[in-house]
Amino acid sequence: MYDKLFPPKKVALPNGKIVLEKRSRTPLILLLILAAVALSVEFTNFNLKVLFLRIGKLFGMIGEMFPPDWAYFPKLWGALVDTLQMSLIGSMIGALLALPIAILSSSNVIPNRLVTACFKIVLSLLRTLPTLVTALIATFIFGLGPTAGVVAILLFTLSYVGKLLYEQIENVDMGPFEAMESLGMTRIQAFRYALFPQVLPSYLSNSLFCFEGNVRYAAILGYVGAGGVGLLIKEDLGWRDYQNVGMIILALVITVYLIETVSEHFRKKLI
């Protein structure tokens, strides 16, 4: 259709031959993007003037957070530990559960297409649920507290690591696997000795990377009653105790930086 509206232009080569060069799709793509942005602004009632008028309040709030209230740290410590525990437990259990789910989702290991399709759909559905929504549902099932946060992080880790892992399994060299099967090994045994060593470094690296992100996710799960520092942030913002919020943010930044530094060191060793 595009080529009919904008016919290819003729280009003369040095040898005298005429060839046709298709028109660039860039103007059409830019036009579609601008139209989408315009429609989004219209439907969301976005007001650029309000953004510029009220942005100063954001910087004013940030200014009130510093210097942070250091006396608040003893109260913060327990919630920070809860956040780290939620992240660690949820990440570990989720990563461990991702391994069998990824195997059952791999079409080159499981010959039954229906089984692999079902597990891939399950992983896709889990990835579509935001972690906050999952935590909110978990609070209705397991009650308020860190347990709901652990379940939400677990499901996110399972879907994230499981997706990456089964894609890696489906792209490994199947030669050793087929050779071990021909020697009489079961498919699980062949996977254990032929395929798993090939994907193990990436599997561990992705699990560590997911743990880094889960620490940040766990920090806001308190907004839906899942415990941790998120609950303190919600309370302190409600009471306008911005110096306490500044202390929480500072503690989170330092904690996440230390975790990322250690995790990055180990991931470099694995890759």
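Along each chain, residues carry numbers from 1 onward, in the same order as the chain's sequence is written. This being a predicted model, a pLDDT of at least 70 is required before a residue's local features are given, and a value of 80 or more before pairs of side-chain atoms are given or counted; all residues contribute to the totals for chains, interfaces and linings. Hydrogens are left out, water is left out, and the side-chain values use all remaining heavy atoms of the structure.

S.K.: Outline the overall build of the chain, listing residues and values.
M.R.: In this text, helices come from DSSP runs of H or I with a minimum length of four residues, and strands from runs of E with a minimum of two, each type numbered from the N-terminal end. Looking only at helices and strands, the chain features eleven helices and two strands. Element order for the chain, N to C, with α for helix and β for strand: α-β-β-α-α-α-α-α-α-α-α-α-α. With the radius of gyration taken over C-alpha atoms, the globule rule is written as 2.2 Å times the number of residues to the power 0.38. The C-alpha radius of gyration computed for the chain amounts to 26 Å, which surpasses the reference 18 Å derived for 271 residues by more than 25%, pointing to a less compact arrangement than a globule. Here, two residues are considered to be in contact whenever any of their heavy atoms come within 4.5 Å of each other. Sequence-distant contacts in the chain: of pairs separated by 6 or more residues, those separated by 24 or more amount to 69%. For the chain, the accessible surface area stands at approximately 16700 Å², while carbon and sulfur atoms represent 70% of it. For the purpose of counting charges, residues Lys and Arg are taken to be positive, whereas Asp and Glu are taken to be negative. His and the chain ends are not included. Throughout, a charge is located at the NZ atom of Lys, the CZ atom of Arg, the CG atom of Asp or the CD atom of Glu. Considering the chain, the positive charge centre built from 23 side chains and the negative charge centre built from 17 side chains are found 11 Å apart. Here the open area of atoms and residues is found with the Shrake-Rupley method and a 1.4 Å probe, where only the protein chains shown may cover a residue.

S.K.: Give a detailed account of the UniProt feature "domain: ABC transmembrane type-1" (unreviewed entry) in the chain, specifying residues and quantitative values.
M.R.: Feature annotation in UniProt assigns "domain: ABC transmembrane type-1" (unreviewed entry) to the following positions: residues 80–263. A helix fraction of 82% and a strand fraction of 0% characterise residues 80–263, whose end C-alpha atoms lie 19 Å from each other. UniProt positions are given in the numbering used here, feature names are shortened, and annotations may be inferred rather than shown by experiment.

S.K.: Describe the UniProt feature "transmembrane region" (unreviewed entry) in the chain, naming the residues involved and giving the relevant values.
M.R.: UniProt marks residues 28–48, 84–105, 117–142, 215–233 and 245–263 with the feature "transmembrane region" (unreviewed entry), using the numbering shown here. Counting secondary structure, residues 28–48 comes out at 86% helix and 0% strand; the distance between its end C-alpha atoms is 26 Å. In residues 245–263, helix accounts for 100% and strand for 0%; the two terminal C-alpha atoms are 26 Å from one another.

S.K.: Could you give me a rundown of unusual backbone geometry, with the residues and numbers involved?
M.R.: Cis geometry marks the peptide bond from F66 to P67, where omega comes out at 5 degrees. Structurally, P67 is set in the loop between α3 (48–65) and α4 (73–105). Unusually for a residue other than glycine, R240 sits at a positive phi of about 60 degrees. Residue position: R240 is located in the loop between α10 (229–238) and α11 (242–270).

S.K.: Hey, could you go over the packing of aromatic side chains for me, with residue numbers and the actual values?
M.R.: Under the pairing criterion, centres of Phe, Tyr and Trp rings, with the six-membered ring standing for Trp, must be within 6.5 Å; the plane angle then separates stacked pairs below 30 degrees from edge-to-face pairs above 60, leaving the rest tilted. Under the definition given, this model contains five aromatic pairs. With 5.2 Å between their ring centres and 80 degrees between their planes, F156 and Y217 make a pair best called edge-to-face. You can see F156 sitting in helix α7 (residues 146–169) and its partner Y217 sitting in helix α9 (residues 187–218), a full 61 residues away along the chain. Note that R192 overlies the ring of Y193, its terminal NZ or CZ placed 4.9 Å from the centroid. We call a charge positioned over a ring when the NZ of a Lys or the CZ of an Arg lies within 6 Å of the ring centre and within 35 degrees of the ring normal.

S.K.: Let's hear about the pattern of salt bridges: which residues, and what values?
M.R.: By convention in these notes, a salt bridge is any Lys or Arg side-chain nitrogen within 4 Å of a carboxyl oxygen on Asp or Glu. All chains considered together, the criterion is met by four salt bridges. For R216, the salt bridge is made with E260, and the minimal N-O distance between the two is 2.5 Å. Here R216 is found in helix α9, whereas its partner E260 is found in helix α11, with 44 residues between them in sequence. We classify R216 as partly exposed; its relative accessible area is 40%. Here's how the labels work: a residue is buried when its accessible area is under 20% of the maximum for its type, exposed when over 50%, partly exposed in between, all with a 1.4 Å probe on protein chains only.

S.K.: Which residues make up the side chain of T157, and what values do they have?
M.R.: Within the secondary structure, T157 sits in helix α7. Using a relative accessible area of 0% as the deciding quantity, one classes T157 as buried. Among the polar contacts listed, one links the side chain of T157 to the backbone oxygen of I153, at a separation of 2.8 Å. Those residues within four positions of T157 in sequence are excluded, and the remaining contacts are G90, S91, G94, A95, G162, C210 and N214. N or O atoms closer than or at 3.5 Å make up a polar contact, with two conditions inside protein: a donor-capable atom paired with an acceptor-capable one, and, for residues adjacent in sequence, both atoms drawn from side chains.

S.K.: So what's going on with α3? Which residues, and what values?
M.R.: A helix's residues, less one, multiplied by 1.5 Å, set its expected span. Helix length check: α3 (18 residues) gives 26 Å between terminal C-alpha atoms against 26 Å at 1.5 Å per residue, within 8%. One axis is fitted to the seven residues ending at the residue and one to the seven starting there. The bend at that residue is the angle between these axes. Taken as a whole, α3 carries its principal kink of about 35 degrees at R54. The N-terminus of α3 is capped by N47, whose side-chain oxygen sits 2.9 Å from the backbone nitrogen of K49.

S.K.: Account for helix α2 (residues 26–44), naming residues and giving values.
M.R.: Along an α-helix, a turn takes 3.6 residues, which lines up residues three or four apart on a common side. Relative to the 27 Å expected for 19 residues at 1.5 Å per residue, α2 spans 27 Å between its end C-alpha atoms, a close match to the ideal helical length. Count one or two residues on from α2 and you reach N45, which has phi positive near 55 degrees.

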